[in-house]
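Descriptive structure summary
The residues making up each chain are set out below.
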Amino acid sequence: MSCSCRMEGTSVQMLLALSSLLCCTTNQIGLTVSPSRSQFFEGESVTLKCEDHSSAGWTLRRNSSQKKTTQCEEWGESSGPSCFISYMYPLDSGVYWCESRGGGASSISVNISVSGGSVILQSPVLPVMEGHDLTLSCQSQTPPSKPSAAFYKDGSLIRTEPTGHMTLQHVSRSDEGLYKCHISAHGESPSSWISVSERPTTTGAPPTTGAPPPALGLELRVLLHLLVISPFFISTLFLVSLCPQRASGSDPSVSMVMTQHSHAEQGLAEDDDDIITSGTTEHQF
């Protein structure tokens with residue numbers, strides 16, 4: 001009898017998991033669960049809220065193992081886009097989602113399980129993105145003397161963690177499945193379906209040209225100017241330094257020419273004196 005009940009419970013969990021994947025299409029609306037986890041102890045409270053920035057009206061609905069597509073007013077306290085359940089029962093286990101008033105659009109759906117036992121599995125209520133880490137925690141209503149917990153996926157043991165926490169690194173679509181945990185002497189948690197969403201694809205961005213070089217600093221610009229001007233400045237100084245040497249230097253050719261001109265001028269002066277003397281003498285006779 002207990003075996004058939006356990007099989008029935010597993011079938012219900014599988015049905016809820018499949019419903020959460022297939023019943024709704026995602027739109028520009030978000031569903032938040034507070035506290036943000038997928039399993040609760042009986043007697044705990046929870047708040048679910050439809051978050052939307054448009055003016056359209058939304059209502060919270062659920063699909064449980066007992067009733068089909070019922071809205072918040074039938075099992076909780078409705079306050080605008082929020083729905084509050086003050087005391088949760090195992091019968092509140094099911095798939096929850098937000099739906100527009102006209103029924104034309106709906107949000108992503110979440111699977112919530114309520115345990116009548118003493119152990120729950122704390123797992124993300126929303127899908128985990130591919131490549132991200134997934135952390136699961138096994139929690140008991142009464143703190144165990146040994147927090148060691150065994151974790152299962154689809155009925156098969158993954159491993160036993162002495163701390164009661166297990167982290168799966170860089171999850172992929174193959175990590176999707178029904179997870180549960182077990183604490184010795186305390187019991188086993190319900191199973192929760194954990195889904196993995198695809199990593200969003202990024203469109204190829206157009207090739208970008210290289211960034212312009214940074215503006216040159218003042219020191220670098222001054223140095224460049226000095227490097228360009230220095231050769232001309234040095235050449236000018238060199239030419240100026242040569243001019244006085246040429247002006248004061250004793251060039252032989254120049255000295256000879258000046259000497260010849262001096263001798264010639266001296267000869268002309270002597271000839272003029274002879275002519276004047278002879279002319280004076282002739283006049284006296």
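Going by the structure above, here's the rest.
Below, the structure is looked at part by part. The shown structure was predicted, so the numbers you read here are calculated from the model rather than taken from an experiment. (Residues numbered from 1 in each chain as written. Predicted model: local features only at pLDDT ≥ 70, side-chain atom pairs only at ≥ 80, totals over all residues. Heavy atoms only, no water.)

A look at the sheet that holds strand β1 (residues 30-34)
As a reminder of what qualifies: Here, strands pair whenever DSSP counts at least two bridges between them. Put simply, DSSP marks the helices as runs of H or I at least four residues long and the strands as runs of E at least two long, and each gets a number from the N terminus on. As a rule, the C-alpha atoms of each element are fitted with a line to give its axis, helices using only the stretch in contact, and angles between N-to-C directions run from 0 to 180 degrees.
Across the sheet, which stays open at both edges, the four strands sit in the order β1-β3-β7-β6 with antiparallel pairing between neighbours. Edge strands, defined here as strands with exactly one partner in the open sheet, are β1 and β6 (77-79). With strand direction ignored, the average angle separating the axes of adjacent strands in the sheet is 20°. Relative to strand β3 (residues 46-51), β1 is paired through five bridges, and the arrangement is antiparallel. The residue of β3 that forms the bridge with Ser34 is Thr47.

Side note on the state of the cysteines
Cysteine pairs can be covalently joined through their sulfur atoms, and such a bond is termed a disulfide. Quick note on the threshold: For this text, the term disulfide refers to a pair of cysteine sulfurs within 2.5 Å. Accessibility here uses a 1.4 Å probe with only protein chains present; expressed as a share of the type maximum, an area under 20% marks a residue as buried, one over 50% as exposed, and anything in between as partly exposed.
On inspection of all chains with the given rule, the structure shows three disulfides. Here Cys72 pairs with Cys83 through a disulfide, and the sulfurs are 1.9 Å apart. Its S-S torsion of approximately 90° makes the covalent link between Cys72 and Cys83 right-handed. Residue Cys72 is located in the loop between β5 (70-71) and β6, and its partner Cys83 is located in strand β7 (residues 82-85); the two are separated by 11 residues in the primary sequence. Across the pair, exposure class does not vary: Cys72 and Cys83 are buried alike. Disulfide partner of Cys138: Cys181, at an S-S distance of 2.0 Å. The sign of the 80° torsion about the S-S bond sets the Cys138-Cys181 disulfide as right-handed. Of this pair, Cys138 sits in strand β12 (residues 134-140) while Cys181 is found in strand β16 (residues 177-183), placing the two residues 43 residues apart along the sequence. Looking at Cys138, the relative accessible area reads 12%, which means it is buried.

A word on the packing of aromatic side chains
The line we're drawing: Any Phe, Tyr or Trp ring, taking Trp's six-membered ring, that has another such ring centre within 6.5 Å forms a pair; planes under 30 degrees apart are called stacked, those over 60 apart edge-to-face, and the others tilted. Working rule: Lys NZ or Arg CZ, within 6 Å of ring centre, within 35 degrees of ring normal, means a charge sits over the ring.
For the coordinates displayed, the defined rule picks out two aromatic pairs. Centre to centre, the rings of Trp75 and Tyr96 are 5.4 Å apart; their planes meet at 85°, and the pair counts as edge-to-face. Pair noted here: Trp75 is in the loop between β5 and β6 and Tyr96 is in strand β8 (residues 94-100), with a separation of 21 residues, a long-range link. Where Tyr87 meets Tyr89, the ring centres are 4.8 Å apart and the plane angle is 50°; that geometry is what we call tilted. For Tyr89, a relative accessible area of 44% corresponds to the partly exposed category. Sitting over the ring of Tyr152, Lys180 keeps its end group 5.7 Å from the ring centre.

A word on the pattern of salt bridges
Formally: We count a salt bridge whenever a side-chain nitrogen from Lys or Arg sits within 4 Å of a carboxyl oxygen from Asp or Glu.
Considering all chains together, one arrives at eight salt bridges under this definition. Between Asp92 and Arg62 there is a salt bridge; the shortest N-O distance is 2.8 Å. You can see Asp92 sitting in the loop between β7 and β8 and its partner Arg62 sitting in strand β4 (residues 58-64), a full 30 residues away along the chain. There is no split in this pair, since Asp92 and Arg62 are both buried. Each member of the salt-bridge network shares a partner with another, and the members are Arg173, Glu176 and Glu198.

Examining the nonpolar core
To keep it simple, the criterion reads: Side-chain atoms within 4.5 Å are what join buried Ala, Val, Leu, Ile, Met, Phe, Trp, Tyr and Cys residues into a set we call a nonpolar core.
Formed by 21 residues in total, the largest nonpolar core has its most connected members in Val33, Leu48, Leu60 and Ile112. Core analysis: the next-biggest nonpolar cluster, separate from the first, contains 16 residues, Leu121, Leu136, Met166 and Ile194 among them.

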